[in-house]
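Here is how the chains run, residue by residue.
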Amino acid sequence: MNETNKSENKISEKREFIVNSASLKEVRSFSREVFEKIKIDQDLKDELVLAIAEAAQNIVKHAYKDIETNNDKMEIKISLGKNDELEIGFFDKGKPVDGAKVRHRNIDDVKPGGLGTFFIQQIMDAVVFREGEKPWINHLILTKQL
Amino acid sequence: MTYKVSEEGNISTVFLNGEIDMDVVDKAKELIMPLIEAKKEVHINLKDVQYMDSSGISVLIESHQKALEVGTKVILKEISKSVLKVIMMAKLEQILNLD
């Protein structure tokens, strides 16, 4: 193994979660489980778990706003390639998200809310929204070079 | 999340424990807001909070702002390393009362 590689093998793990706030704990557990297999420091692991949980929370809060989910599921896929680029994919069947309209609030305008997207952007290198391939509606991709 | 509240004079100390996310913030608000509305000085002890996301940070901001509005204060006590990191990421270390 190249000494710079953060993992012995390529990692690609995915899991589905029911779209509700009670699933966020499971999302964090899954993320922590995957990051245990990657050689990065604990602070970075914690940040990545936060970014993933915030993105999942955005699906619950925004993509499914005013939607009765009927146990709809979202899928999260965490992949680490040989080049140590971490890619985290989020797939959901909520309302289509226009990535161009996703903005965090002005950080100097202190008020509750609007911080999740700011945290994601602080932690990750890139945030890309794509149209999901069937059956998914939205596909969010977060990437970070480890 | 679990919690404990202790009272001493006009100070209410809320000891939060566990992970604070969107799923439990309503519970945290229901606990903290009435104390502020009763004009108590509220100390929120975060020693045993291992994780807090943007929803939890929003409760801290809302509590702080409500306290200013009613003329009391909220002080964050024994902030765990992981919570402090998120507070700093949100650039709130100069805004909230940290002890």
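Predicted model only: the values in this text are computed from it and were never measured.

Peer 1: Give me the lowdown on the overall build of chain B, citing residues and values where you can.
Peer 2: Helix and strand content of chain B: 3 helices and 5 strands. If you list the helices and strands of chain B from N to C, you get β-β-α-β-α-β-α-β. For a compact globule of 99 residues, the expected C-alpha radius of gyration is about 13 Å, and chain B comes in at 12 Å, within 12% of that figure. Taking all 99 residues of chain B together, the buried fraction comes to 51%.

Peer 1: Provide a residue-level description of unusual backbone geometry, including the pertinent values.
Peer 2: All names here are of chain A. Here the residue pair Lys134 and Pro135 is connected by a cis peptide bond, since its omega of 10° sits within 30 degrees of zero. Checked against the element boundaries, Pro135 lands in the loop between strand 4 (126-131) and strand 5 (138-145). One non-glycine residue with positive phi stands out, namely Asp66, at about 65°. Among the structural elements, Asp66 can be located in the loop between helix 2 (42-63) and strand 2 (73-80).

Peer 1: Can you explain the side chain of Asp53 of chain B? Please cite residues and give values.
Peer 2: Structurally, the position occupied by Asp53 of chain B is in the loop between strand 3 (41-52) and helix 2 (54-70). Despite its burial, Asp53 of chain B pairs with no opposite charge; the closest candidate is Arg28 of chain A, at 5.2 Å N-O. A polar side-chain atom of Asp53 of chain B sits 3.0 Å from a polar atom in the side chain of Gln57 of chain A.

Peer 1: Please set out the interface of chain B and chain A residue by residue, giving values where relevant.
Peer 2: With 22 residues of chain B at the interface, the matching set in chain A holds 26 residues. Both sides together, the interface formed by chain B and chain A hides about 2000 Å², and carbon and sulfur atoms give 60% of it. Here chain B and chain A share 5 salt bridges between them. Applying the counting criterion to the chain B and chain A interface returns 10 residue pairs in polar contact (both at pLDDT 80 or more). Of all the secondary-structure elements, those providing two or more residues to the side of chain B that touches chain A are strand 3, helix 2 and helix 3 (81-89) of chain B. The element contributing the most residues to the side of chain B that touches chain A is helix 2 of chain B, with 7 residues. Partitioning the side of chain B that touches chain A into residue classes produces 10 nonpolar, 4 polar and 8 charged.

Peer 1: Could you give an account of the sheet that holds strand 5 (residues 97-98) of chain B, naming the residues involved and the relevant values?
Peer 2: Residue and element names in this part refer to chain B. Spatial strand order, 1-2-3-4-5: 5 strands in an open sheet with mixed pairing. Where the open sheet ends on each side, the last strands, each with one partner, are strand 1 (2-8) and strand 5. Two strands pair when backbone bridges link them, and strand 1 and strand 2 (residues 11-20) are joined in this way by 7 bridges, in the antiparallel orientation. Bridge pairing links Glu8 to Ile11 in strand 2.

Peer 1: Give me helix 3 of chain B: which residues, what numbers.
Peer 2: Note on helix geometry: an α-helix contains 3.6 residues per turn, so any two residues three or four positions apart are oriented the same way. All names here are of chain B. Along helix 3, the residues classified as buried are Val83, Val86, Ile87 and Met89. An end-on view of helix 3 places all buried positions within 160° of arc, on one side of the element. After helix 3 finishes, the residue Lys91 shows a positive phi value of roughly 55°.

Peer 1: Which residues make up the packing of aromatic side chains, and what values go with them?
Peer 2: The geometry of an aromatic ring pair comes down to the distance between the two centres and the angle between the two planes. Taken as a whole and judged by the stated rule, the model has 3 aromatic pairs over all chains. Between Phe91 of chain A and Trp136 of chain A, the aromatic rings sit 5.8 Å apart at their centres with planes inclined by 45°, giving tilted as the arrangement. Pair noted here: Phe91 of chain A is in strand 3 (residues 85-92) and Trp136 of chain A is in the loop between strand 4 and strand 5, with a separation of 45 residues, a long-range link. You'll find Phe91 of chain A and Trp136 of chain A in the same group, each marked buried. Here the guanidinium or amino end of Arg32 of chain A rests over the ring plane of Tyr51 of chain B, the centre of that ring lying 5.7 Å away. If you follow Lys4 of chain B out to its NZ or CZ, it ends over the ring of Phe15 of chain B, 4.8 Å from the centre.

The rules behind the values
- Residues numbered from 1 in each chain as written.
- Chains lettered and ligands numbered in written order.
- Predicted model: local features only at pLDDT ≥ 70, side-chain atom pairs only at ≥ 80, totals over all residues.
- Heavy atoms only, no water.
- Helix = DSSP H or I, 4+ residues; strand = E, 2+ residues; numbered from the N terminus.
- Rg over C-alpha atoms; globule rule 2.2 N^0.38 Å.
- Buried < 20%, exposed > 50% of the residue type's maximum accessible area, 1.4 Å probe, protein only.
- Lys, Arg positive; Asp, Glu negative; His and termini not counted.
- Salt bridge = Lys/Arg side-chain N within 4 Å of Asp/Glu carboxyl O.
- Polar contact = N/O pair within 3.5 Å; in protein donor to acceptor, adjacent residues only side chain to side chain.
- Contact = heavy atoms within 4.5 Å.
- Buried area = accessible area lost by both parts, 1.4 Å probe.
- Nonpolar A, V, L, I, M, F, W, Y, C, P; charged D, E, K, R; others polar.
- Pairing = 2+ DSSP bridges.
- Arc of directions from axis to C-beta.
- Phe/Tyr/Trp six-rings, centres within 6.5 Å; stacked < 30°, edge-to-face > 60°.
- Lys NZ or Arg CZ within 6 Å of the ring centre and 35° of its normal.

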